[in-house]
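Chain residues, written in single-letter form:
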Amino acid sequence: MAASPHTLSSRLLTGWGGGCIWYLERRATRESPRRFLHLLRNVNQQWVTFQHFNFLRRMYVTQLNRSLKQQIKPKPEPAESPFLEKTSLDETKTEICEMRPLVPPSLSLSRKPSEKALMELEPTSVIEGSRALGKETKEEKQWKEMKLRADDLPGILARLSKIKLTALVVSTTSAGFALAPVPFDWSCFLLTFVGTGLASCAANSINQFFEVPFDSNMNRTKNRPLVRGQISPLLAVSFATCCAVPGVALLTWGVNPLTGALGLFNIFLYTCCYTPLKRVSIANTWVGAVVGAIPPVMGWTAATGSLDAGACLLGGILYSWQFPHFNALSWGLREDYSRGGYCMMSVTHPALCRRVALRHCLALLAMCAAAPALDVTTWTFPVIALPINLYISYLGFRFYRDADRKSSRKLFFCSLWHLPLLLLLMLTCKRRAREEGVGAPQS
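Since this is a predicted model, take the numbers as computed values, not measurements.

**Student:** Is there a simple way to explain a nonpolar patch on the surface in this structure?
**Tutor:** Together, Tyr 391, Tyr 394, Trp 417, Leu 421, Leu 424 and Leu 427 give the surface a local cluster of nonpolar side chains, amounting to about 550 Å² of exposed area. Counting only elements with at least two residues in the nonpolar patch, the list comes to helix H18 (386-402) and helix H19 (405-428). Looking at the secondary structure, you find Leu 421 in helix H19. A relative accessible area of 32% means that Leu 421 is categorised as partly exposed.

**Student:** Looking at this structure, how should I read the layout of surface pockets?
**Tutor:** One number sums up the size of the largest pocket: a volume of about 1,400 Å³. If you go around the largest pocket, you meet 48 residues; those closest to its centre are Lys 162, Leu 165, Asn 204, Arg 220 and Tyr 270. Counting only elements with at least two residues in the lining of the largest pocket, the list comes to helix H5 (153-160), helix H6 (163-179), helix H7 (186-210), helix H11 (257-277), helix H12 (284-304), helix H13 (309-331) and H19. Considering only residue class, the lining of the largest pocket consists of 25 nonpolar, 15 polar and eight charged.

**Student:** Please clarify how the nonpolar core should be interpreted in this entry.
**Tutor:** In globular proteins that are soluble, nonpolar side chains generally tend to be buried together. Grouped together as the largest cluster of nonpolar side chains are 57 residues, with contacts concentrated most on Leu 160, Trp 300, Ile 317, Phe 381, Leu 422 and Met 426. Element by element, the count of residues in this core is highest for H12, at nine residues. Counting 18 residues, the second largest nonpolar core, distinct from the first, contains Phe 323, Ala 328, Cys 353 and Ile 392.

**Student:** What exactly am I supposed to notice about unusual backbone geometry here?
**Tutor:** Peptide bonds are trans in most cases, and residues, glycine excluded, mostly fall at negative phi. Of note, the phi angle at Lys 162 is positive, near 50°, even though the residue is not glycine. Relative to the elements of secondary structure, Lys 162 occurs in the loop between H5 and H6. Exposure remark for Lys 162: the relative accessible area of 17% places this residue in the buried category.

Reading guide: rules and limits
By convention here, each chain's residues receive numbers from 1 onward along its written sequence. With the structure being a predicted model, the display of local features is reserved for residues of pLDDT at least 70 and the display and counting of side-chain atom pairs for 80 or more, all residues being used for whole-chain, interface and lining totals. With hydrogens and water set aside, each side-chain value is computed from the structure's full complement of heavy atoms. Residues enter patches when they are more than 30% accessible in relative terms and free of salt bridges; like-charged ones are connected within 9 Å and nonpolar ones (Val, Leu, Ile, Met, Phe, Trp, Tyr) within 5 Å. All accessible areas in this document rest on Shrake-Rupley with a 1.4 Å probe, and a residue is counted as covered only by the protein chains that are shown. By salt bridge we mean one thing: a side-chain nitrogen of Lys or Arg within 4 Å of a carboxyl oxygen of Asp or Glu. Here a helix means four or more residues in a row that DSSP labels H or I, a strand means two or more in a row labelled E, and each is numbered from the N terminus. Exposure is judged per residue with a 1.4 Å probe applied to protein chains only, and the accessible area is read against the type maximum: over 50% gives exposed, under 20% gives buried, and values in between give partly exposed. Of the two site types, the cavity is a set of points on a 1 Å grid over the protein atoms alone where a 1.4 Å probe fits but cannot get out, and the pocket is an open set with protein on both sides within 12 Å along at least five of seven lines, each lined by residues with an atom within 4 Å of a point. Grid points are joined across faces, edges and corners, and a volume is the space filled by probe spheres set on the points. All residues other than Ala, Val, Leu, Ile, Met, Phe, Trp, Tyr, Cys, Pro, Asp, Glu, Lys and Arg, Gly among them, are scored as polar; the first ten of these are nonpolar and the last four charged. Definition of nonpolar core: a set of buried residues of the types Ala, Val, Leu, Ile, Met, Phe, Trp, Tyr and Cys, connected through side-chain atoms within 4.5 Å.

This is how it looks when you write it as structure tokens:
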């Protein structure tokens, strides 16, 4: 077994000298770890100091050899427009080729780089310059200041008010007015036409105002005016107010209070019930169907001043028609509705979506058969409307069975011509007007 250093020293030297040597060895053994750590810490500090010194030396060399840097030909400033103008790629390449070649600092001034090295350096500079130009041009195309011009305002407001949907609402209201069994009053019809159109524009504008963050996630709605920032939210709300107030006023005081109340209720139902419910429950489809069923009822009440069985029948036909129309449309937009956060039957309950569409296709057959029983049309109407009702029911069954985009697309396009043709057949088979003074509109 090896002897310890303290035992060895005490054996070699005895007395006072041996004790001193033993004390020094013991102290050196205890303090050596701390001295080693202190030495490492000093080395790290010296290394940091060396790094700083090396950085200062490089900065000094850079400042001293400033004349060795590339000198780019200054770009001429635009004479008229303060905005950046697009520069063609050929002009940029010409400017880059006119730069003086860079001489590395490590080379001596007497030794110039070879022509081969310069030829290898030039394509790299051209490629980097063209990439930077392409990136800048892409950013200029992507970020532009939106300026509202007076000649663009009518088109923007038309898209804000969903002019196609408003046209459908006004046409169904006109059909309800024309189907009422009373003499046709042109002045009342025009007031109803304008008032219903203004109320629909107001409801659609408020709907877009509430759904801006959700519309921006959908391909179908990402180009709406409020999403793109073509108009301000204040202007959209002001436009909706300027449509809603005169629209409801025309329907209330120009036609009758019942029609004005229905118009106001429809605006409230569309903006405050249907719009927020789209992100909460699939019940929004049934609420939206009620919204679409009210306009023909408004036309009937504007002509007759009363809410009777004929008005309910027209409302029921529009109510049932909307399910095959909208369910087929939403089937092809399931990805969009999912990204937008909308709770639709086609997304959360696809089987129910197809069943409901088929049920209401069959319900159209029953309601058309009930039209002559309620003295709205003659008995000829159910017979001549049977082919188109059977055809949309067949497409509804195909959509229920196949559950694909092709069948849903066919059902949707069929619904587009089915409703106008059905209302036209109802007008041709309308009952004769009642005696004058019976069911006249009440102002």
